[in-house]
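Residues per chain, in single letters:
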Amino acid sequence: MSESPDRTPLPRTFFDRPVLEVAPDLLGRTLVRNTDEGRMELRLTEVEAYAGAIDPGSHAFRGRTARNAVMFGPPGHAYVYFTYGMWHCLNLVCGPEGHASGVLLRAGEIVEGADQARPRRRSARSDHELAKGPARLATALDVALSLNGTDTCAGQDGPLALLTGTPPAPDRIRSGPRTGVGGEGAPHPWRFWITEDPTVSPYRPHTPRKRRLDSSRMTD
């Protein structure tokens, strides 16, 4: 019999570390999403790190704006953005306050509340595809801009929270280039995933677009 996931909430100190430490350490953790319909829980299986001022792929590379202000801390808050005029993406802020960095939640397995997610993700061919990719994850969990700035360390009864869960063994964690990131940030091996997990999204390299978009920064 497999061991039950640890229900202990992750403290703010967990997020108050360098982004490249936090990102792989989020794998296997449990993301809690409380909605008006009920509680949902997701086991994180794929993430990407974005390192602010030193990372050309980050929304915060050129400094603070109204859009990215949440990334500058405090750590443990949610950074939600809208991309391509149709999708939301969910990130977790980490690192010391004042130094913007965050982790994009790319994929996971919905372990509680899948009945809520299925009507939002009617194109999913199985439950493994409900949150397979950052836009799909946000859609399945009913994540919108109203959650931007949510404190995930405020308790399990809030809209978002992180529990200790069951981290994978180190030899099950893989890393590689981030999906869809171009320019100088393209080579960074800052995408982390649990190997052979069916919920992990396929890698896609950056493809230049004909019109100017945020396609090189923290997107699906």
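Above this note sits the structure.
Residues numbered from 1 in each chain as written. Predicted model: local features only at pLDDT ≥ 70, side-chain atom pairs only at ≥ 80, totals over all residues. Heavy atoms only, no water.

K.L.:
What's the story with the overall build of the chain in this structure? I'm lost.
P.N.:
Within the chain one finds 4 helices and 9 strands. A compact globule built from 220 residues would reach a C-alpha radius of gyration of about 17 Å, and the chain, at 16 Å, matches this within 12%. Projected onto the principal axes, the alpha-carbon positions of the chain cover approximately 45 × 40 × 35 Å. Look at the contacts in the chain between residues 6 or more apart in sequence, and 65% of them connect residues 24 or more apart. If you sum the accessible surface of the chain, you get close to 10,300 Å²; carbon and sulfur atoms cover 51% of it. (Helix = DSSP H or I, 4+ residues; strand = E, 2+ residues; numbered from the N terminus. Rg over C-alpha atoms; globule rule 2.2 N^0.38 Å. Contact = heavy atoms within 4.5 Å. Areas by Shrake-Rupley, 256 points an atom, 1.4 Å probe, with all protein chains shown as cover.)

K.L.:
Help me out: how do you make sense of the pattern of salt bridges in this one?
P.N.:
Close approach of charged atoms lets side chains of opposite charge pair. Enumeration over the complete set of coordinates arrives at 14 salt bridges. Across the pair D25 and R17 runs a salt bridge, and its minimum N-O distance is 2.9 Å. On the basis of relative accessible area, D25 is assigned to the partly exposed category, the value being 23%. Overall, R17 belongs to the partly exposed group, its relative accessible area being 21%. Each of the salt bridges in this network shares a partner with another, and the network as a whole consists of E46, E48, R106 and R191. (Salt bridge = Lys/Arg side-chain N within 4 Å of Asp/Glu carboxyl O. Buried < 20%, exposed > 50% of the residue type's maximum accessible area, 1.4 Å probe, protein only.)

K.L.:
How should I be thinking about the pairing of strand β7 (residues 160–165) in this particular structure?
P.N.:
A regular strand places its side chains on the two faces of the sheet in alternate fashion. The buried count for β7 comes to 6 of 6 residues, which makes it a mostly enclosed element. Of the pairings in the sheet, the one linking strand β2 (residues 30–35) to β7 comprises 4 bridges and is antiparallel in character. Bridged to R33 within β7 is L160. (Pairing = 2+ DSSP bridges.)

K.L.:
Looking at this structure, I do not really get the nonpolar core. What am I missing?
P.N.:
In summary, soluble globular proteins display a tendency toward joint burial of nonpolar side chains. One finds F15, L26, L90, V103, L105 and I110 to be the most contacted residues of the largest nonpolar core, which totals 39 residues. In this structure, F15 is in contact with L10, V22, L26, P75, G76, L92, V93, C94, G95, T152, C153 and L162, ignoring residues within four places of it in sequence. Within the second largest apolar cluster, 12 residues are counted, among which are M71, F72, C89 and V181. (Core = buried A, V, L, I, M, F, W, Y, C linked by side-chain atoms within 4.5 Å.)

K.L.:
Sorry, what's going on with the packing of aromatic side chains here?
P.N.:
The geometry of an aromatic ring pair comes down to the distance between the two centres and the angle between the two planes. Within the structure shown, the criterion is met by 2 aromatic pairs. Residues F14 and F15 carry aromatic rings whose centres are separated by 5.1 Å and whose planes lie at 80° to one another, so their mutual orientation is edge-to-face. Across this residue pair, the class does not change: F14 and F15 are buried. The ring of Y50 has R178 sitting right over it, with the charged end atom 4.5 Å from the ring centre. (Phe/Tyr/Trp six-rings, centres within 6.5 Å; stacked < 30°, edge-to-face > 60°. Lys NZ or Arg CZ within 6 Å of the ring centre and 35° of its normal.)

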